[in-house]
Amino acid sequence: MELAQRIDRIAESPTMAMAAEAERYKSRGVDVVDFSVGEPDFPTPEHIKRGAIHALEQNLTKYTAAGGIMPLRQAICDWHRAQLGTNYEAKECVVSVGGKHAIFNAVSVLVNSGDEVLIPSPCWVSFPDIVKYAGGKPVALQTLASENFALRASAVEAAITPRTRMVIVNSPSNPTGAVVPDEEFARILDVCQRRGVWLLSDECYSHFLYDGARPFSIGSVPVENKDKLIVIGSFSKTFAMTGWRLGYALAPELLVKAMIKLQSQSTSNPTSIAQYAGLEAMRGSMDTVAVMLAEYARRRARVMAGLRAIPGVVCSEPAGAFYAFPNVSGAARQGGAIPAAANEKGNAAGVAKGGVAQDLLERVHVAVVPGEAFGAPGHLRISYATSMDRIDEGLRRLAQFFSAAAAA
Ligand code: GLU
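Report follows, based on the coordinates. A quick note: this is a predicted structure, and the numbers were derived from the prediction, not measured.

Things to note about the overall build of the chain
No. 1: Helix and strand counts for the chain stand at 16 helices and 12 strands.
No. 2: Against the compact-globule benchmark of 22 Å for 408 residues, the chain has a radius of gyration of 21 Å, which places it among compact chains.
No. 3: Judged by the C-alpha coordinates and their principal axes, the chain covers about 60 × 55 × 50 Å.
No. 4: Out of the 408 residues belonging to the chain, those deemed buried represent 55%.
No. 5: Intrachain contacts of the chain at a sequence separation of at least 6 include 75% that bridge at least 24 residues.
No. 6: Here the chain has roughly 17000 Å² of accessible surface; of this, 52% comes from carbon and sulfur atoms.
No. 7: Separation between the mean location of the 41 positive side-chain charges and that of the 40 negative ones in the chain comes to 2 Å.

Here's the deal with the side chain of Ser 171
No. 1: Residue position: Ser 171 is located in the loop between strand E5 (164–170) and helix H8 (182–195).
No. 2: Judged by its relative accessible area of 6%, Ser 171 falls in the buried class.
No. 3: Ignoring anything within four residues of it in the chain, the contact list for Ser 171 reads Ala 178, Val 179, Val 180, Phe 185, Asp 202 and Glu 203.

Description of the sheet that holds strand E11 (residues 369–370)
No. 1: Spatially, the three strands line up as an open sheet ordered E9-E12-E11, and their pairing is antiparallel. In this open sheet, the two edge strands, each paired with only one partner strand, are strand E9 (323–324) and E11.
No. 2: Pairing between E9 and strand E12 (residues 380–383): two bridges, direction antiparallel. Paired with Tyr 323 across the bridge in E12 is Ser 383.

Observations regarding the packing of helix H3 (residues 46–57) against helix H11 (residues 272–283)
No. 1: It is the contact of H3 with H11, at a shortest axis distance of 7 Å, that shows an interaxial angle of 140 degrees. The orientation of H3 with respect to H11, classified from their angle, is oblique. Crossing of H3 against H11: the hand is right-handed. Between H3, through His 47, Ile 48, Gly 51, Ala 52, Ala 55 and Leu 56, and H11, the contact on the second element is made entirely by Ile 273, Tyr 276, Ala 277, Glu 280 and Ala 281.
No. 2: Partitioned by chemical class, the residues of the contact of H3 with H11 number eight nonpolar, two polar and one charged.

Brief notes about the pattern of salt bridges
No. 1: On inspection of all chains with the given rule, the structure shows 26 salt bridges.
No. 2: Of the charged contacts, one joins Asp 190 and Arg 194 as a salt bridge, the two residues approaching to 3.7 Å between their closest N and O atoms. In this pair, Asp 190 and Arg 194 are both assigned in helix H8, four residues apart and thus about one turn of the helix distant.
No. 3: In this structure Asp 190 comes out as partly exposed when scored by relative accessible area, which is 37%.
No. 4: By sharing partners, the salt bridges in this structure join Asp 31, Arg 390, Glu 393, Arg 396 and Arg 397 into a single network.

Topic: the packing of aromatic side chains
No. 1: Within this structure, the stated rule accounts for 16 aromatic pairs.
No. 2: With centroids separated by 5.6 Å and ring planes inclined at 80 degrees, the aromatic side chains of Tyr 205 and Tyr 323 adopt a geometry described as edge-to-face. Placement of the pair is Tyr 205 in the loop between strand E6 (198–202) and strand E7 (229–234) and Tyr 323 in strand E9, with a sequence separation of 118 residues.
No. 3: Following the ring pairs from residue to residue traces out a cluster consisting of Phe 42, Tyr 205, Phe 208, Tyr 296, Phe 322 and Tyr 323.
No. 4: Across from the ring centre of Tyr 25, 4.7 Å away, lies the NZ or CZ of Arg 28, which sits over that ring.

A short note on the environment of Val 256
No. 1: Of note, Val 256 is situated in helix H10 (residues 253–264).
No. 2: Excluding residues that lie within four positions of it along the chain, Val 256 makes contacts with Arg 73, Lys 91, Glu 92, Cys 93, Val 94 and Ala 251.

Digging into the sheet that holds strand E3 (residues 116–121)
No. 1: The seven strands are arranged E2-E8-E7-E6-E5-E3-E4 in an open sheet whose pairing can be described as mixed. Both edges of this open sheet fall to strand E2 (93–96) and strand E4 (137–142), since each of them pairs with a single strand only. Going across the sheet, the axis of each strand differs from the next one's by a mean of 20 degrees, ignoring polarity.
No. 2: In terms of strand pairing, E3 meets E4 through six bridges, oriented parallel. Counted as the bridge partner of Glu 116 is Lys 137 from E4.
No. 3: Sheet strands in contact with H8 are E5, E6 and E7, and its direction is about 150 degrees off that of E6.

Description of helix H5 (residues 99–110)
No. 1: With 12 residues, H5 should cover 16 Å at 1.5 Å per step; its first-to-last C-alpha distance of 17 Å lies within 8% of that length.
No. 2: Residues of H5 that are buried: Gly 99, His 101, Ala 102, Ile 103, Asn 105, Ala 106, Val 107 and Leu 110.

Describing H3
No. 1: Taking 1.5 Å of rise per residue, 12 residues should cover 16 Å, and H3 covers 16 Å from first to last C-alpha, within 8% of that figure.
No. 2: Every buried residue belonging to H3 is among Ile 48, Gly 51, Ala 52 and Ala 55, and all of these are buried. All buried residues of H3 lie within an arc of 90 degrees about the axis, which places them on one face of the element. Looking at H3, the residues exposed on the side facing more than 90 degrees away from the buried face are Arg 50 and Glu 57.
No. 3: Residues of H3 that are buried sit in contact with H11.
No. 4: One or two steps after H3, the chain reaches Asn 59, where phi turns positive at roughly 60 degrees.

Here's the deal with the site of the ligand
No. 1: For the ligand, the full set of nearby residues is Ser 13, Thr 15, Met 16, Val 37, Gly 38, Lys 100, Trp 124, Asn 174, Tyr 205, Lys 237, Tyr 323 and Arg 381.
No. 2: Within the side chain of Asn 174, an N or O atom sits 2.8 Å from an oxygen atom of the ligand.
No. 3: A distance of 2.8 Å is found between an oxygen atom of the ligand and a side-chain nitrogen or oxygen belonging to Arg 381.
No. 4: About the coverage of the ligand: the protein hides 90% of its 280 Å² of free accessible area.
No. 5: Each residue belonging to the shell around the ligand can be placed in one class, and the counts come to five nonpolar, four polar and three charged.

Procedures and definitions
Residues numbered from 1 in each chain as written. Predicted model: local features only at pLDDT ≥ 70, side-chain atom pairs only at ≥ 80, totals over all residues. Heavy atoms only, no water. Helix = DSSP H or I, 4+ residues; strand = E, 2+ residues; numbered from the N terminus. Rg over C-alpha atoms; globule rule 2.2 N^0.38 Å. Buried < 20%, exposed > 50% of the residue type's maximum accessible area, 1.4 Å probe, protein only. Contact = heavy atoms within 4.5 Å. Areas by Shrake-Rupley, 256 points an atom, 1.4 Å probe, with all protein chains shown as cover. Lys, Arg positive; Asp, Glu negative; His and termini not counted. Charge placed at Lys NZ, Arg CZ, Asp CG, Glu CD. Pairing = 2+ DSSP bridges. Axes fitted to C-alpha atoms, helices over the stretch in contact; angles between N-to-C directions. Parallel < 35°, antiparallel > 145°, perpendicular 65-115°, else oblique. Left-handed = near helix turned anticlockwise from the far one by under 90°. Nonpolar A, V, L, I, M, F, W, Y, C, P; charged D, E, K, R; others polar. Salt bridge = Lys/Arg side-chain N within 4 Å of Asp/Glu carboxyl O. Phe/Tyr/Trp six-rings, centres within 6.5 Å; stacked < 30°, edge-to-face > 60°. Lys NZ or Arg CZ within 6 Å of the ring centre and 35° of its normal. Expected span 1.5 Å × (residues − 1). Arc of directions from axis to C-beta. Near = heavy atom within 4 Å. Polar contact = N/O pair within 3.5 Å; in protein donor to acceptor, adjacent residues only side chain to side chain.

No statement about biological role is implied by the geometric values presented.
See the structure below:
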């Protein structure tokens with residue numbers, strides 16, 4: 001079948017592909033330890049669910065404005081101000097069908113064919129493909145495991161060319177858990193503003209920072225620095241609402257208008273009852289977030305100890321989010337199980353089907369996402385948003401796999 005050329009520019013999301021692969025094993029009755037997709041294992045908090053139930057009972061089940069109901073746009077701005085010290089008005093907020101959708105729309109309305117978009121690497125799987133779909137050219141800015149994947153303003157500045165249209169920063173980072181220090185982040189914004197480049201800040205893990213660090217939004221900088229800044233947020237992680245599909249962008253009004261225009265011709269509004277649930281999330285208690293964070297911190301400690309106990313595995317400690325991103329090439333190499341390189345297109349299905357990640361799933365039934373998917377061969381991404389029991393079992397199987405590899 002001949003499809004439009006643009007769809008051949010991208011691959012299926014490797015995180016989604018690996019989660020689906022794990023599901024296939026589970027449906028055959030295999031006991032899979034699933035460290036693949038990044039999704040809180042906690043239920044959506046009760047008060048949020050009640051918001052949706054109430055909306056159903058009130059028959060709030062019709063179309064809404066394409067960019068979201070005004071009370072939610074306002075509530076997002078209020079919550080953001082209280083939580084993160086920002087200063088946005090409702091007209092500078094658009095509600096979307098998840099954070100990914102907000103990123104897709106922002107890139108779609110800003111990036112022209114051939115424009116370069118600078119993406120620190122390793123990076124979340126969808127950033128490069130969203131840029132490619134828009135006709136842009138993703139340009140990787142390498143960060144190093146030996147420096148805990150630190151991103152520096154000087155490196156961003158050096159990588160900007162006359163073709164650069166946008167820089168994407170994701171702090172805390174999926175997949176590395178690296179966090180850009182507040183002052184460095186402000187310097188990156190400053191570089192972007194000086195060079196006339198948009199900064200898209202994906203802050204969907206903003207509330208999952210360890211060791212007492214305080215959530216930070218680059219949107220909290222003084223107003224004169226915000227005319228080329230897009231802040232993306234998501235309900236998925238903060239409120240354990242992945243399936244509801246609810247996210248947002250905070251950006252200059254003209255950009256928000258363009259994103260709403262695109263939504264009006266594509267998805268229309270995010271699901272009405274999800275929006276009313278989101279309203280409760282914005283107005284309700286943040287206690288559930290603190291509970292989740294405390295539990296993630298316990299799990300992080302367990303995962304780090306377990307991984308570091310495996311000979312040849314090297315892993316930076318994540319400062320945020322809920323992923324560990326170990327380099328296993330030393331461990332795998334001892335047994336000759338060299339990670340497969342990404343195929344030519346960096347194709348997701350190819351990535352998911354080769355190398356250590358596939359061996360892990362087949363041999364010891366542990367699902368992880370291969371590092372190739374994030375631009376970092378030799379690594380594996382382990383989502384520890386799963387119970388401590390499953391983490392212990394998964395670590396046991398990983399140790400078994402790599403010691404068998406070493407003995408082979
Ligand atoms: N962001 C999560 C992950 O990386 C969810 C899946 C996705 O959208 O990629 O696993």
